[in-house]
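# Secondary and tertiary structure notes
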Amino acid sequence: MTDTIVRNVVCTFCGATCDDLEVTVENGKVRQVRSGCSTSLNKFLNYNRERHLTPLIRKNGEYEEATYEEAVRRSAEILAKARYPILYGWSSTSCEAIRVGVELTEWVGGVMDNTTTVCHGPTMLGVHDIGEVSSSLGEVRQRADLVIYWGSNPVHSHPHHVTRYTAMSKGRFHDGRKGRTLIVVDVRKTDTAKLADHFIQIAPNSDYELLCALRVAARGDELEQEEIAGVSAEKIEELADLMVSCEFGVIFFGVGLTMSLGRHRNIDAALSLVRDLNSRTKFLIMPMRGWYNVDGADQVLAWTTGYPYAVDLSHGYPRYNPGDTTVIDILQRGDCDAALVVASDPISNFPLETAKRLAQIPVITIDPHPSATSIVSEIAFPSTIVGIETGGVIYRMDGVALMLKPVVPPPPGIRSDVEVLSDILAQVKKLKGS
Amino acid sequence: MKLISGRSLGQARGKVSGKFSEDYFRNAAVCELDPEDLKVLGISPNENVKITTDTGSVVVRAATASQRVQRGVAFMPYGPWANAVLSSETYGTGMPSFKGVEAEITPAHTEKILNLRSLIEQITKSQR
């Protein structure tokens, strides 16, 4: 049989969305992947494992196979009847699907939240407060001579980030590690830290203190304590000197900042540090977005409603109040009475108490693969895999839009997220219209 | 101990191989500790340990941290095993407490590690 080689395929796993994969297709199946990281290889080579290919509806406590039309009708009934539904997930699907999701949320009067809420939600709050000095990853690759990863372990979370975009990338003005300094700040000596010129091992839950101390040191003021956040004043001053004296610095920060004590206040401090540094040199900051289209989920919500996540459309107009309209808080209060989950697994990814509350209400899932969430759902739709079986637009972690192309055909009869959501929306409009 | 959860390469690879795969179970149902802490707690690598927090408890496999943690810090990969003991408290920010949670770690030689399906049953049994 003839192999087809598809070049420049975008990897749809992490937010770095490497677009240099070479995928060999044989008989409509992925046979080989080149240029990808180990996670990417596993994703593309195992995409067809653990698929469910028929819509499932829970009847008398047990799942039964159902027709697509029945699953759409039942889903629309649940969502149309719900008083305050949540529509959650969205970071591992296309912008086209997310846009349909916004309209559906408006029609059912619910809350649309995406996985930003449990990764970089505090980053959004920090950016609202302080603002963000940023750029594309291309600028970083060409120019950065100082790269800092803070609370982020890209060797595990974004495996090609360091080699494609930062310390080990070949840029116009810096070729690989030569001439670039890599600093890692983390509570663990991670595999990324092992590559660093300077590793700062910080005490857990003390990022805010270290960031504030760095602001003091970068201003040239003296630190009054000998040790802050488990780091000596001497080391902090050395770090501040490196930051001030570089030509083009960048901080990539991970959920080590957003999930630790202080949450958005840590982000405020990091953004303020970078703002301060720009009075001395050129400095950027960028969150390490996790899922491949979590930035796209924020973008679509922002351009349609004005807000990036946790958007409450129950009043007929967008309301945004993280801590109140965020999905964890809504579930903890027990306010919602139905949920639609698209391309996400909150039963696995939410803390136990919140997962239990989600399991108490009717859930509809749209996901190519079975998950803990699809197993507890009332209705589970199979769907095509975005970036492998279906195209669409996504946003890389630096806000650059990329077009995905399908590399293999989907299993017969399996619809895309866009199709399933559009059909549910059409049915909801009929129900609400009448 | 201070418990932190985070991404690991093994957990990510296991996840894309299938949430119900052996690979995911092996890489996500684990708690990594400093070797000295393991000694003090009387736990050998690959033995079962019980993690207990204010939220609840879960049994997972113990491992020596290949990415060094400080004494007194325990690391668990993201997933339902870590989430079984992490708090939903967001302190009004929308973000639950995924890192820096106080936890007690004890040997659990005789206790079994629940697989994903059994964990889900725990989540749903009181509801259905």
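Residues numbered from 1 in each chain as written. Chains lettered and ligands numbered in written order. Predicted model: local features only at pLDDT ≥ 70, side-chain atom pairs only at ≥ 80, totals over all residues.

We now examine the overall build of chain B. Looking only at helices and strands, one finds five helices and seven strands in chain B. Counting from the amino terminus, helix and strand elements in chain B follow one another as β-α-α-β-α-β-β-β-α-β-β-α. At 14 Å, chain B has a C-alpha radius of gyration in line with the 14 Å of a compact globule built from 128 residues. Residues counted as buried form 52% of the 128 residues belonging to chain B. (Helix = DSSP H or I, 4+ residues; strand = E, 2+ residues; numbered from the N terminus. Rg over C-alpha atoms; globule rule 2.2 N^0.38 Å. Buried ≥ 20, exposed ≤ 12 C-beta atoms within 10 Å, placed from the backbone.)

Let us now look at the packing of helix 4 (residues 121-130) of chain A against helix 11 (residues 264-277) of chain A. All names here are of chain A. It is at 8 Å that the axes of helix 4 and helix 11 come closest, and there the two elements cross at 45°. In terms of axis orientation, helix 4 runs oblique to helix 11. The chirality of how helix 4 crosses helix 11 is right-handed. Of helix 11, the residues touching helix 4 (which contributes Pro122, Thr123, Leu125, Gly126, Val127, Asp129 and Ile130) are His264, Ile267, Asp268, Leu271, Ser272 and Arg275. When the residues that make up the contact of helix 4 with helix 11 are grouped by side-chain class, the tally is six nonpolar, four polar and three charged. (Axes fitted to C-alpha atoms, helices over the stretch in contact; angles between N-to-C directions. Parallel < 35°, antiparallel > 145°, perpendicular 65-115°, else oblique. Left-handed = near helix turned anticlockwise from the far one by under 90°. Contact = placed C-beta atoms within 7 Å. Nonpolar A, V, L, I, M, F, W, Y, C, P; charged D, E, K, R; others polar.)

Okay, the interface of chain B and chain A next. Think of interface size as the accessible area that goes away when the parts come together; that is how it is often given. With 43 residues of chain B in contact, the opposing surface of chain A contributes 58 residues. Of the residues forming the side of chain B that touches chain A, the biggest block, five residues, is contributed by helix 1 (residues 9-17) of chain B.

Let us look at the pairing of strand 9 (residues 181-186) of chain A. All names here are of chain A. Judged by how many residues are buried, strand 9 sits mostly within the fold: five of six residues are covered. Examined bridge by bridge, strand 8 (residues 146-150) and strand 9 share five bridges and lie parallel to one another. Looking at the pairing, Ile148 lines up with Ile183 of strand 9. Relative to strand 10 (residues 198-201), strand 9 is paired through four bridges, and the arrangement is parallel. Paired with Ile183 across the strands is His198, a residue of strand 10. (Pairing = 2+ DSSP bridges.)

The subject of this paragraph is the pairing of strand 1 (residues 2-6) of chain B. All names here are of chain B. Most of strand 1 is tucked away, with four of its five residues classed as buried. Relative to strand 6 (residues 99-102), strand 1 runs antiparallel, the two being bridged by three bridges. Looking at strand 6, one finds that Leu3 is bridged to Val101. Pairing geometry for strand 1 and strand 5 (residues 73-77), over five bridges, is parallel.

The next thing to look at is the domain arrangement of chain A. What the domain assignment reports for chain A is domain 1 (56-118 + 292-388 + 413-433) and domain 2 (121-287). Using C-alpha coordinates to define each centre, domain 1 of chain A is positioned 35 Å away from domain 2 of chain A. (Domains from an automatic or database assignment.)

What follows deals with the packing of helix 8 (residues 207-218) of chain A against helix 11 of chain A. Residue and element names in this part refer to chain A. Orientation of helix 8 relative to helix 11, taken along the N-to-C sense of each, is 15°, at an axis distance of 9 Å. As the angle between them shows, helix 8 and helix 11 are arranged roughly parallel. Crossing hand, helix 8 versus helix 11: left-handed. Contacts between helix 8 and helix 11 involve Asp207, Tyr208, Leu211, Cys212, Leu214, Arg215 and Ala218 from the first element and Arg265, Asn266, Ala269, Ala270, Ser272, Leu273, Asp276 and Leu277 from the second. Partitioning the contact of helix 8 with helix 11 into residue classes produces nine nonpolar, two polar and four charged.

The subject of this paragraph is the sheet that holds strand 9 of chain A. Working definition: the strands of a sheet are paired by backbone hydrogen bonds and lie parallel or antiparallel to each other. Residue and element names in this part refer to chain A. Strand order in the open sheet formed by five strands is 10-9-8-13-14, and the pairing between neighbours is parallel. A single partner strand is all that each edge strand has here, and the edge strands are strand 10 and strand 14 (282-287). Sheet twist, expressed as the average angle between the axes of neighbouring strands with direction ignored, equals 15°. Strand contacts of helix 11: strand 13 (248-253) and strand 14, with the helix running at about 160° to strand 14, the strand carrying the most contacts.

Right, let's get into the sheet that holds strand 19 (residues 379-381) of chain A. Residue and element names in this part refer to chain A. One open sheet holds the nine strands; their spatial order is 5-4-19-18-17-6-7-15-16, and the pairing between them is mixed. Looking at which strands have only one partner, the edges of the open sheet turn out to be strand 5 (62-65) and strand 16 (319-320). Each of strand 7 (111-114) and strand 15 (311-312) touches helix 12 (residues 294-305); the most contacted strand, strand 7, lies at about 150° to it.

Below, the discussion takes up the environment of Gly28 of chain A. All names here are of chain A. Note on placement: Gly28 falls in the loop between strand 2 (21-26) and strand 3 (29-34). With 12 C-beta atoms packed within 10 Å, Gly28 lands in the exposed category. Spatially, the C-alpha atom of Gly28 lies 25 Å from that of Cys95, the residues being 67 residues apart in sequence. Dropping the residues within four chain positions of it, Gly28 is found in contact with Val408 and Pro409.

Residue and element names in this part refer to chain A. With 14 residues, helix 3 (residues 95-108) should cover 20 Å at 1.5 Å per step; its first-to-last C-alpha distance of 20 Å lies within 8% of that length. Among all positions of helix 3, only Cys95, Glu96, Ala97, Ile98, Val100, Gly101, Val102, Leu104, Thr105 and Val108 are buried. Looking one or two places after helix 3, you find Gly109, whose phi comes out positive at around 65°. (Expected span 1.5 Å × (residues − 1).)

Scored by pLDDT, chain B comes out at a mean of 92, with 98% of its residues at no less than 70. On the interface metric, ipTM, the complex scores 0.93, and its pTM is 0.95. (pLDDT = per-residue confidence, 0-100.)

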